[in-house]
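Each chain, written out:
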Amino acid sequence: MSPDHFQSTDSLRADIGDAAWVDVMQAVDRTYAELVDYQEQLETRNAELEALRTFLSSIMHSISDYLVVTDTALCIADASRSFCKAVGLPVEKLVGQPIAGFLQGTSGGNLITAISRSVAQRADNTVEAELTTTIGPEPVEFRIAPRLRGGRKRAGVILTGRPLGELRRAYSELEASHEELKQTQTQLVRNEKLASLGRLLAGVAHELNNPISFVYANTHALEKYINRFETYFDRVQAGAPREELVELRGTLKLDRDLRNLRTAIEGARDGAERVKNIVEDLRRLSAEGSGELAPTDLVRTASIAADWVERGSKSRVTIAFEGEPSCIASARAGHVQQVLMNLVQNAVDAMAEQDDAALTIRSFYDGAHAVIEVSDNGPGIPDTAAAKIFDPFFTTKEVGKGTGLGLSISHKIAEEHGGSLELVPSDQGACFRLTLLRGDQT
Ligand SMILES: Nc1ncnc2c1ncn2[C@@H]1O[C@H](COP(=O)(O)OP(=O)(O)OP(=O)(O)O)[C@@H](O)[C@H]1O
Ligand SMILES: [Mg+2]
């Protein structure tokens, strides 16, 4: 190439003039700088795009629910790995295929109808469909979200699907274990009732034993007297002379027997009456156990409960009654008795190691309420335990001694009566307050 083909810089500068030359050079510099700037921006955008792609792909890989992106023709544009795995095809083979082709029977049509509604309303929508998976049809709940390009133009939909099969299985398993738990709970409540009945029976057995042995001893004595009277009457009938009869009466000590006879009969009657009273107490408690609310004397119920708990336990406890001599609540006697038995039993258990064990039962009226408090001088309940004592199964007693249901059942009984059972602050030991509606004013 000959040098004539090029103009020298000098001659070029001469042609366009110095000032213009400077302008050109500056324009070239500016353009170059802009180019560099543009290039940098492009690289940054590329890096951002790459990060976004990686981010999206990691979502598509890790999401456990199904995620399917479709175009406006409802053909698959992208799908999560979980979906590919379920239908048994790699994403490359899925792209371009109609989503409805992967659904069973009518559910494909249902999905398309739901998609049309969602797109028309520009709102999310949910539909259940049967997906054809490698292990057979699987119920899936699809959430449909319209996909918009540039914020306005329709670009297809995004489907997120949750397999329901497993969920339903888990739900039915949950229901089964809940049912089992309920049965266990009913059983435990029944056990607790039996335990309370057991305590009651221990008390009753002890209580009945005294008068019965009294009656028994007296009838034994009566038997002896009868034998002697029979001997005497036999002689009378045989026509024995008067002197012999007088002597026999003295030998057989019939005059003393006659006096004792009266005492023995009175003793036997007292014993039988005591038995009758105990049976009446029991009948009163059991008859009203599950029935209607009726005026119930809390003091009398507490006194019977305390009597029986005390008789059923080995330790000695001093029991004092304070306040109203009779405090009438509207209650089911059997249930209240169960509550009071548990409160007294808990107090007696807490004071088992004490020689000075003392139980105070105080009752009073408070407006429309009848209140009874059971307090002891035991170790009390620490704050940490106080929050839990009404929880079912909370117990500090050793296995076999307590199920931890007593207070929770008692609390429930109080609530069922429209009343309350609470632990109230006390200077010494623990104090439980049972508040019920008054029953003496109706
Ligand atoms: N008067 C009390 N003094 C000290 N602690 C008490 C007293 N009453 C209850 N508690 C505590 O509350 C816990 C729960 O009592 P709850 O009556 O519910 O169950 P439990 O007596 O352990 O067993 P269950 O009554 O079922 O035989 C007891 O284990 C005990 O720790
Ligand atoms: Mg208890």
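Remember, predicted model here, so these are calculated numbers, not experimental data.

Just to check I follow, could you spell out the coordination of the magnesium ion (ligand 2) for this structure?
Think of it this way: four donors in a tetrahedron around the metal ideally sit 109.5 degrees apart, and six in an octahedron ideally sit 90 or 180 degrees apart. Listed as protein donors to the magnesium ion (ligand 2) are Asn342 (OD1) and Asn346 (OD1); their distances from the metal cover 2.3 to 2.4 Å. Here Asn342 and its partner Asn346 are both found in helix α10 (residues 333-350), four residues apart, which amounts to about one turn of the helix.

What is the right way to look at the pairing of strand β4 (residues 136-149) in this model?
Each regular strand shows side chains that alternate between the opposite faces of the sheet. Where strand β3 (residues 125-133) lies against β4, nine bridges are found, and the strand directions are antiparallel. Residue pairing in the sheet places Thr132 in a bridge with Pro137 of β4. Hairpin connection, β3 to β4: the antiparallel pair is bridged by two residues. Two elements, β4 and strand β5 (residues 153-163), share ten bridges in a ladder whose sense is antiparallel. Paired with Glu141 across the bridge in β5 is Arg162.

Can you help me understand the packing of α10 against helix α12 (residues 406-416) in this one?
Angle between the axes and distance between the axes: these two values describe a pair of packed helices. In contact at an axis separation of 9 Å, α10 and α12 are set at 145° when each is read in the N-to-C sense. Of the two elements, α10 crosses α12, and the hand of that crossing is left-handed. On the side of α10, the interface is formed by His335, Gln338, Val339, Asn342, Leu343 and Asn346, while α12 contributes Gly406, Leu407, Ile409, Ser410 and Ile413. Class assignment for the residues of the contact of α10 with α12 results in five nonpolar, six polar and no charged.

How do you make sense of the packing of aromatic side chains when you look at a structure like this?
For any pair of aromatic rings, geometry is given as the distance between the ring centres together with the angle between the planes. Following the criterion strictly, the structure yields five aromatic pairs and no others. Ring plane angle 80° and centroid distance 6.3 Å describe the contact between Phe390 and Phe432, whose orientation is recorded as edge-to-face. Taken together, the residues Phe390 in the loop between α11 (383-386) and α12 and Phe432 in strand β12 (residues 431-437) connect sequence positions 42 residues apart. Taking relative accessible area as the criterion, Phe432 reaches 7% and is therefore assigned buried. Grouping aromatic residues by their ring pairs yields a cluster made of Tyr66, Phe83 and Phe102.

How should a negative patch on the surface be read in this particular structure?
A surface patch of negative charge is lined by Glu34, Asp37, Glu40 and Glu43. By the secondary structure assignment, Glu40 is in helix α2 (residues 18-62).

Where do I start with the domain arrangement of the protein in this structure?
Where the parts come together, the accessible area they lose is often given as the size of the interface. Segmentation of the protein into domains returns domain 1 (58-168) and domain 2 (290-442). For domain 1 and domain 2, the distance between their C-alpha centroids amounts to 62 Å.

Which parts of the structure should I look at to understand the sheet that holds strand β2 (residues 76-79)?
The strands that make up a sheet are held in pairs by hydrogen bonds between backbone atoms, and each pair lies either parallel or antiparallel. Here we have five strands laid out as an open sheet, ordered β2-β1-β5-β4-β3, and antiparallel in their pairing. Whereas interior strands pair on both sides, the edge strands pair on one side only; in this sheet they are β2 and β3. The sheet shows a mean angle of 30° between the axes of neighbouring strands, taken without regard to direction. Of the strands in this sheet, β3, β4 and β5 are in contact with helix α5 (residues 107-121), which crosses β3 at around 150°.

Honestly, the packing of helix α9 (residues 298-312) against α10 in this entry has me stumped. Any pointers?
Two numbers describe how α9 lies on α10: the axes approach to 8 Å, and their chain directions differ by 50°. Judged by the inter-axis angle, α9 sits oblique to α10. For the element pair α9 and α10, the recorded crossing hand is right-handed. Between α9, through Leu298, Thr301, Ala302, Ala305, Ala306, Trp308 and Val309, and α10, the contact on the second element is made entirely by Ala333, Val336, Gln337, Leu340, Met341, Val344, Gln345 and Val348. In terms of residue class, the contact of α9 with α10 is made up of twelve nonpolar, three polar and no charged.

Please explain the UniProt feature "coiled-coil region" (unreviewed entry) in the protein as it appears in this structure.
The UniProt feature table records "coiled-coil region" (unreviewed entry) at residues 164-191. A distance of 40 Å separates the end C-alpha atoms of residues 164-191, which is 100% helix and 0% strand.

Just to check I follow, could you spell out the pattern of salt bridges for this structure?
Where charged atoms of side chains with opposite charge meet at close range, the side chains can pair. One pass over the full model with this rule turns up 14 salt bridges. Residues Glu128 and Arg168 are paired through a salt bridge, measuring 3.1 Å at the closest nitrogen-oxygen approach. Here Glu128, found in strand β3, pairs with Arg168, found in helix α6 (residues 164-237); they are 40 residues apart in sequence, far enough to count as distant. The exposure class of Glu128 is partly exposed, given its relative accessible area of 42%. One salt-bridge network, in which partners are shared between bridges, spans Arg228, Arg256 and Asp257.

What should I look at first to understand the site of ligand 1 in this one?
If you check the shell around ligand 1, you find 21 residues, and the closest are Thr395, Thr396, Lys397, Thr403 and Leu407. Within the side chain of Asp376, one N or O atom sits 2.9 Å away from a nitrogen atom of ligand 1. Calculation on ligand 1 without its partners gives an accessible area of 600 Å², and the protein chains cover 94% of this total. Among the elements that take part in the shell around ligand 1, α10 stands out by supplying four residues, more than any other. Of the residues in the shell around ligand 1, the class split is nine nonpolar, nine polar and three charged.

Even after reading the chapter, I still don't get the environment of Ala350, so can you show me in this structure?
Relative to the helices and strands, Ala350 resides in helix α10. With a relative accessible area of 36%, Ala350 lands in the partly exposed category. Spatially, the C-alpha atoms of Ala350 and Asp376 are 8.4 Å apart, while their sequence positions differ by 26 residues.

Reading guide: rules and limits
Residues numbered from 1 in each chain as written. Chains lettered and ligands numbered in written order. Predicted model: local features only at pLDDT ≥ 70, side-chain atom pairs only at ≥ 80, totals over all residues. Heavy atoms only, no water. Donors = N, O, S within 2.8 Å, 3.2 Å for Na, K, Ca; no water. Helix = DSSP H or I, 4+ residues; strand = E, 2+ residues; numbered from the N terminus. Pairing = 2+ DSSP bridges. Axes fitted to C-alpha atoms, helices over the stretch in contact; angles between N-to-C directions. Left-handed = near helix turned anticlockwise from the far one by under 90°. Contact = heavy atoms within 4.5 Å. Nonpolar A, V, L, I, M, F, W, Y, C, P; charged D, E, K, R; others polar. Phe/Tyr/Trp six-rings, centres within 6.5 Å; stacked < 30°, edge-to-face > 60°. Buried < 20%, exposed > 50% of the residue type's maximum accessible area, 1.4 Å probe, protein only. Patch = residues over 30% accessible without salt bridge, like charges linked within 9 Å, V, L, I, M, F, W, Y side chains within 5 Å. Areas by Shrake-Rupley, 256 points an atom, 1.4 Å probe, with all protein chains shown as cover. Salt bridge = Lys/Arg side-chain N within 4 Å of Asp/Glu carboxyl O. Lys, Arg positive; Asp, Glu negative; His and termini not counted. Charge placed at Lys NZ, Arg CZ, Asp CG, Glu CD. Domains from an automatic or database assignment. Parallel < 35°, antiparallel > 145°, perpendicular 65-115°, else oblique. UniProt positions renumbered as here; feature names shortened; annotations may be inferred. Near = heavy atom within 4 Å. Polar contact = N/O pair within 3.5 Å; in protein donor to acceptor, adjacent residues only side chain to side chain.

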